[in-house]
Amino acid sequence: MRHTLIPMSAREVLTAIHRGKNALVNVEGPHGEIVTADDGEKARKWKALATNTVDGLLSCPILAPWLPGQQVYFSLSSIYPAPWHRYQSEVTGLEVFSREQLQYLNCTCTDIDLAHIEGSHFDFESQAQEVLDFTLTAGLPYPSMMSNSGRGMWLFCLLKDRRNPEQPLGAFSNLQTIHSRLLSATVAAYSSCPAGDKCGA
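Small disclaimer: the values here were computed from a predicted structure and weren't measured.

Attention shifts here to the sheet that holds strand E1 (residues 25–29). Spatially, E4-E1-E5 is the arrangement adopted by the 3 strands of the open sheet, whose pairing is antiparallel. In the strand order of this sheet, the two ends are held by strand E4 (47–52) and strand E5 (73–74), each with one partner. Relative to E5, E1 runs antiparallel, the two sharing 2 bridges. When the sheet's bridge partners are listed, Val27 is paired in E5 with Phe74.

Here you go:
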């Protein structure tokens, strides 16, 4: 079966994910001090850059210099603007709310590293077709969106409130527990995908 892939802009993807009323997004980047991991690799710590709506982040002139490049992370769950968990970014000086306080659970995201020879050309299109074929064969939910991660892909399944399908799930504690279990089950299911090398969430 041939699956149709429709390109989306960054704004379209973020708007589709953060579709809840007054949804706020955290954006982070590797702009902290350099640390050494257990495997000896050195990397910079990730620092929060700002919290705002999708439009607020993408139109902010102060934030604009920090957004280009691959090393930028936008939160997948929407942030609750708790005033007691508010601070200023050490990098940009912009307002940030803690990512531990959530308002909406917008989606599940599965990170699949795809098996291919190191240094060879990575053909996202053909690998995506293989992963989507596996999704149907395994009886898994069909992804709402896919994204090229460089060495593999992320699969996004948007979550909906059954009483109001236009809205994502509210981040209530019981639903956060179910969300965590759903992520683990999805990762376990895709771990047997023939195209995959390793899988995470």
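What follows concerns the sheet that holds strand E6 (residues 78–79). What the 3 strands build is an open sheet, ordered E6-E9-E13; its pairing is antiparallel. Both outer strands of the open sheet, E6 and strand E13 (169–170), are each paired with one neighbouring strand and no more. Two strands pair when backbone bridges link them, and strand E9 (residues 102–105) and E13 are joined in this way by 2 bridges, in the antiparallel orientation. The residue bridging Leu105 from the neighbouring strand is Leu169, located in E13. Strands in contact with helix H4 (residues 173–190) are E9 and E13; relative to E9, the strand with the most contacts, it is inclined by about 50 degrees.

A separate point is H4. Over its 18 residues, H4 runs 26 Å from end to end, which matches the ideal 26 Å to within 8%, given 1.5 Å per residue. Here H4 has its buried residues at His179, Thr186, Val187 and Tyr190. Angularly, the buried residues of H4 cover 95 degrees about the axis, an arc narrow enough to put them on a single face. Turned more than 90 degrees off the buried face of H4, the exposed positions are Ser173, Arg181 and Ala188.

Phi angles above zero are rare outside glycine, and Asn22 is one such case at about 60 degrees. Relative to the helices and strands, Asn22 is located in the loop between helix H1 (10–17) and E1.

Conventions and cut-offs
- Residues numbered from 1 in each chain as written.
- Predicted model: local features only at pLDDT ≥ 70, side-chain atom pairs only at ≥ 80, totals over all residues.
- Heavy atoms only, no water.
- Pairing = 2+ DSSP bridges.
- Helix = DSSP H or I, 4+ residues; strand = E, 2+ residues; numbered from the N terminus.
- Contact = heavy atoms within 4.5 Å.
- Axes fitted to C-alpha atoms, helices over the stretch in contact; angles between N-to-C directions.
- Expected span 1.5 Å × (residues − 1).
- Buried < 20%, exposed > 50% of the residue type's maximum accessible area, 1.4 Å probe, protein only.
- Arc of directions from axis to C-beta.

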